[in-house]
Amino acid sequence: MQLGTSLTQFKEFSHGLDASMRGLSLSNMEEVRLVHNSFSRQAMFEFDSCAAKKDDDVFHFVSYMPIDGRLYELDGLKDGPVDLGPVPKTADWLDVVRPVIERRIQKYSADEIHFSLMAVVSDKRMTYIKRLEELQRSLEDSDMETSDMSTEINELQLIIKEEDEKIHKFKVENIRRKHNYLPFIIELLKILAKEGQLVQLYEKAKLKSEDKAKKDTKRKEKQLKERTAK
């Protein structure tokens, strides 16, 4: 992975700092703050955030990385990296980390949804473009085009086009996610109230929500009985 200018400078600056000071330095980094805030949802109202209490759940990222033949857990709430053992040279590090992640997930109940599993991977589009350029160079050097080479080039061009469409779709989703819809919602509520439909729609939504809550309760009770029976 190639770091940009900002992260390279931060890495050099924080090289001799401990974990807490490095985290503090990162939180004060203007470039990171701007990027982070650019993905926050827009809102008409600002609320004062309360500090987490001792018994509150604190959500944060826990990362797993293979470094110099060892598997490390990187948890911002711990003093430093946790060495989870060696990664055999003949093994895929994902096979080593998989049971570690599974044991962590098993600590939660079956219907727990307060965690997500993500992977940082290379840009597939760049991989396809690199392969396409290699084939095109080979074609120019040899001045001979085989059917297999032509087929692969066409497939790669199609795949790259699909990846471009995905990237465009993601950009549109991000724009929609960050857009402030509250003015539209408030104006819609005003119109519904003016036309005498707001209370009726509210009561209908309330009944639907209560019905869903009852079904969820029955489902959880059923799951609990099934686990108890086992």
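The text that follows walks through the structure, step by step, so that each part is easy to find.

About the cut-offs
Residues numbered from 1 in each chain as written. Predicted model: local features only at pLDDT ≥ 70, side-chain atom pairs only at ≥ 80, totals over all residues. Heavy atoms only, no water. Helix = DSSP H or I, 4+ residues; strand = E, 2+ residues; numbered from the N terminus. Buried < 20%, exposed > 50% of the residue type's maximum accessible area, 1.4 Å probe, protein only. Contact = heavy atoms within 4.5 Å. Areas by Shrake-Rupley, 256 points an atom, 1.4 Å probe, with all protein chains shown as cover. Pairing = 2+ DSSP bridges. Patch = residues over 30% accessible without salt bridge, like charges linked within 9 Å, V, L, I, M, F, W, Y side chains within 5 Å. Salt bridge = Lys/Arg side-chain N within 4 Å of Asp/Glu carboxyl O.

1. Side note on the overall build of the protein
- Within the protein one finds eight helices and three strands.
- Put simply, the protein runs from its N terminus to its C terminus through helices and strands in the order α-α-α-β-β-β-α-α-α-α-α.
- Counting every position in the protein, which comprises 230 residues, the buried fraction comes to 9%.
- Across the protein, every contact between residues at least 6 apart in sequence was considered, and the portion connecting residues at least 24 apart equals 41%.
- Summing over all exposed atoms, the protein offers an accessible surface of approximately 20,300 Å²; the carbon and sulfur share of this is 57%.

2. As for the pairing of strand β3 (residues 82-86)
- The pairing of strand β2 (residues 70-75) with β3 spans three bridges and is antiparallel. Paired with R70 across the two strands is P86, which belongs to β3.
- Once β2 ends, the chain turns through six residues before running back antiparallel as β3.

3. A look at a nonpolar patch on the surface
- On the surface, a nonpolar cluster with roughly 470 Å² of combined accessible area is contributed by Y181, F184, I185, L188 and L189.
- Among the secondary structure elements, L188 is positioned in helix α7 (residues 182-194).

4. Some points on the side chain of S25
- Position of S25 among the secondary structure elements: in helix α2 (residues 19-27).
- In this structure, S25 is in contact with F10, F13 and L17, ignoring residues within four places of it in sequence.

5. Quick look at the pattern of salt bridges
- In this structure the tally under the stated criterion is 12 salt bridges.
- One salt bridge connects R98 with D95, and the closest N-O pair in it is separated by 2.9 Å. With a gap of three residues between them, R98 and D95 both fall in helix α4 (residues 93-105), about one helical turn apart.
- With a relative accessible area of 41%, R98 lands in the partly exposed category.
- The exposure class assigned to D95 is partly exposed, which follows from its relative accessible area of 46%.
- In this structure, D216 and R219 form a salt bridge, with 4.0 Å as the shortest nitrogen-oxygen distance. Of the two residues, D216 and R219 are both situated in helix α8 (residues 198-229); the distance of three residues between them amounts to about one turn of the helix.
- Judged by relative accessible area, which is 24%, D216 ranks as partly exposed.
- The network of salt bridges with common partners includes E73, K78 and R104.

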